[in-house]
Amino acid sequence: MACSGEESMRLWFLIPLLLCFPTLIRSEDYSDVTIVVRGAETIASTSNEFICATIDWWPPEKCNYDQCPWGQASILNLDLTNPLLAKAIQAFSPLRIRLGGSLQDQVVYGTPNLGSPCTPFSKSSSGLFGFSQGCITMERWDAINKIFMDTGAVVTFGLNALQGRQQMGRGVWGGAWNSSNAREFMEYTVSMNYPIDSWEFGNELSGSGIGASVGAEQYGKDIIELKNIISQLYGNSRKPLVVAPGGFYDQKWYAQLLDISGPNVLDTMTHHIYNLGAGNDPQVANRILNPQYLSQSSDTFRDLQMTIQRHGPWSAPWVGEAGGAYNSGSRKVYLDQLGQSAKYDTKVYCRQTLIGGNYGLLDTETFVPNPDYYRQVFLYFALPQSCFTTLYTFCTKPRYMFSALLWHRLMGKGVISLDTSGSSYLRAYAHCGKQKGGVALLMLNLNKNMGFMVSVRNDLNINFREMAGIKRDNSFVHGLKRTVSWVGSKASDGLEKREEYHLTPQDGNPFARTVLLNGAPLQLTGDGDIPSLPPVMVSVNSPIYVAPLSIAFVVFPDFEAEGCER
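Residues numbered from 1 in each chain as written. Predicted model: local features only at pLDDT ≥ 70, side-chain atom pairs only at ≥ 80, totals over all residues. Heavy atoms only, no water.

## Points about the sheet that holds strand S10 (residues 213-214)
Rule in force here: If DSSP finds at least two bridges between two strands, the strands pair. Each helix is a run of DSSP H or I of at least 4 residues and each strand a run of E of at least 2, with the numbering of both proceeding from the N terminus.
In space, the three strands of this open sheet follow the order S7-S8-S10, with mixed pairing throughout. For this open sheet the edge positions go to strand S7 (166-169) and S10, each flanked by a neighbour on one side alone. Bridging between strand S8 (residues 172-174) and S10 involves two bridges; their strand directions are parallel. Bridging from a neighbouring strand, Val-172 pairs with Ser-213 of S10.

## Thoughts on the sheet that holds strand S2 (residues 51-55)
Sheets are built from strands paired through backbone hydrogen bonds, the pairs being either parallel or antiparallel. Under the convention used in this document: Note on definitions: angles span 0 to 180 degrees between N-to-C directions of axes, and those axes are lines fitted to C-alpha atoms, for helices only across the stretch in contact. Throughout, a residue-residue contact means that at least one pair of heavy atoms, one from each residue, lies within 4.5 Å.
Read once around its circumference, the closed barrel built from eight strands follows the order S2-S3-S6-S9-S11-S12-S13-S14, with strand pairing classed as parallel. Mean inter-strand twist for the sheet, computed between neighbouring axes without regard to direction, equals 25°. One ladder, built from six bridges, connects strand S12 (residues 268-273) with strand S13 (residues 316-322); its direction is parallel. Within S13, the residue paired with Thr-268 across the bridge is Ala-316. Running over the sheet, helix H9 (residues 297-311) touches S12 and S13 and is turned about 160° from S12.

## Quick look at the state of the cysteines
Our working definition: Our working definition of a disulfide is a cysteine sulfur pair at a distance within 2.5 Å.
The final tally for this structure, using the stated rule, is four disulfides. Note on cysteine connectivity: Cys-432 is disulfide-linked to Cys-564, with sulfurs 2.0 Å apart. Residues Cys-432 and Cys-564 share a disulfide whose torsion about the S-S bond is about -90°; that sign makes it left-handed. Remark: Cys-564 occurs in the segment after strand S24 (551-556) and Cys-432 occurs in strand S16 (residues 426-433); sequence separation between them is 132 residues.

## Some thoughts on the nonpolar core
Keep this limit in mind: Among the buried residues, those of types Ala, Val, Leu, Ile, Met, Phe, Trp, Tyr and Cys that are joined through side-chain atoms within 4.5 Å form a nonpolar core. A 1.4 Å probe rolled over the protein chains alone gives each residue an accessible area, and that area as a share of the maximum for its type sets the label: buried under 20%, exposed over 50%, partly exposed in between.
Within the largest apolar cluster, 107 residues are counted, with the highest numbers of intra-cluster contacts made by Leu-99, Trp-141, Phe-148, Tyr-219 and Phe-553. Ranked by the residues each element gives to this core, the list is headed by helix H5 (residues 216-234), at eight residues. Trp-141 has contacts with Leu-99, Ile-136, Phe-157, Phe-185, Tyr-188, Thr-189, Tyr-194 and Ile-196, leaving out every residue within four places of it along the chain. Membership of the second largest hydrophobic core comes to 23 residues, among which are Val-37, Leu-418, Ala-430 and Leu-441.

## A few points about the side chain of Asp-267
The condition is simple: Pairing of N or O atoms within 3.5 Å defines a polar contact, subject to two protein rules: one partner must be a possible hydrogen donor and the other a possible acceptor, and residues neighboring in sequence count only if both atoms are side-chain atoms.
Within the secondary structure layout, Asp-267 lies in the loop between helix H6 (251-261) and S12. Here the side chain of Asp-267 touches Val-242 through a polar contact of 2.8 Å, landing on its backbone nitrogen. If sequence neighbours within four positions are ignored, Asp-267 has contacts with Lys-227, Pro-240, Leu-241, Val-242, Trp-314, Ser-315 and Ala-316.

## Details of the environment of Cys-118
Within the secondary structure, Cys-118 is located in the loop between strand S4 (107-110) and strand S5 (134-137). In the structure, Cys-118 is positioned 16 residues away from Gly-134 in sequence and 7.5 Å away in space, judged by C-alpha atoms. Not counting residues within four places of it along the chain, the set of residues in contact with Cys-118 comprises Gly-110, Cys-135, Ile-136 and Thr-137.

Take a look at the structure:
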């Protein structure tokens, strides 16, 4: 059967993609989607260090579901001399690193006046999370700061907020914070000129807490004390931010914390989000590719944004920890929360973890980057139910980590609204372009079998008649005529190009340990350096094919977006 003129045009524009990865497109296995980008203004903004990764305190003995995935990945024992670690951090220029986690409220600092031996964590049935108090020596702190200064990392350090308190009841702690050990630790840090960007107070003590909780009124008073300590120690120099509470969002508790601490004390409100449940939950596999389930996270981002606007507009929202599934994570579990959170003015998004557990961006044993290092958009590839057992056994040990780098390099601070027609399984987010101007688009295909042929429109090009029935935020567009993409106030002459970065699993296997960029494996160079991430250059007039279970970053350098030019 002969192709129509429109079908012929589509096939012609697919030729560059077929040359890069010919197995992706099969006849009739795609659906048409139109994305309308509203570039007249930005709706939110992130910070320059939006991409963040954590390093935790967990010792090798930390186990869940009959496995112990942490190895030597703790703040206390991580091999800081491994060249792959330094190269992975340095590639971001800069990467924000948050030092903290569940055991941080049991950490003391080996300063001269500690008054007890400085020993690491050990198993203890009477301690929080099954571990005793642990200590970091000043020699270890020196070594940590050396690598961070050498690599240009931006550091957020989580302080022990339980020091000096007493357990009042089951999981409830009372009394004022004893700041003496933390203050001496901070004094040492200032004396050494270590450039700490922010001090975070406590970990998961908000609301009902995880393992322990502290009331919002006392917490607010303690944050005022922390603010005063920082003011005294840093004097007239640049003062680190005060960050808290690093817990799960509880509207009443968070609002009270802002009310008690008062104006311009708490610079940043951090919250944690593990929306998939426990790492061994058999429903994780179903939730991974369910767009309606993933969208529920937006409620938390929206509610926190409103709480801050009403009770503390001087503060900014951060995601201090996110790993998909809690208790060391669930392999193959990454979602699109970067895009969601950015729409609600989240300034920083910290991935749990840089290394360690089952969600590390670097392999715990080899330090080789996992696929999410390159992509960092947290797409969850589908896992068959047979991969889950009561012992938390999975089919493969994957490598994640390469899209943090792509997001960091391509997606600018300004967030742009867009409308999408067609399937809800295509997740799409737009930002101002970071390096070359214009607009950067991120698309995630959650469908296991169907690809999408995407046409991108600038809302400047659509007349009132075409806009009839359009609803915002991934709703269907009724009556929008099919068209090829163009991004100016008038049609392109065909000479303009866009950049495309398609991320797919090797051999189409969602459990593959290697991720492909435009059909080529992403691997370290012979010298152990992060590889270059070259795009495919495609005519701006052509539609974009997004394969099943794939991710696509697309940069339109010449997109007319007035909001990005202000």
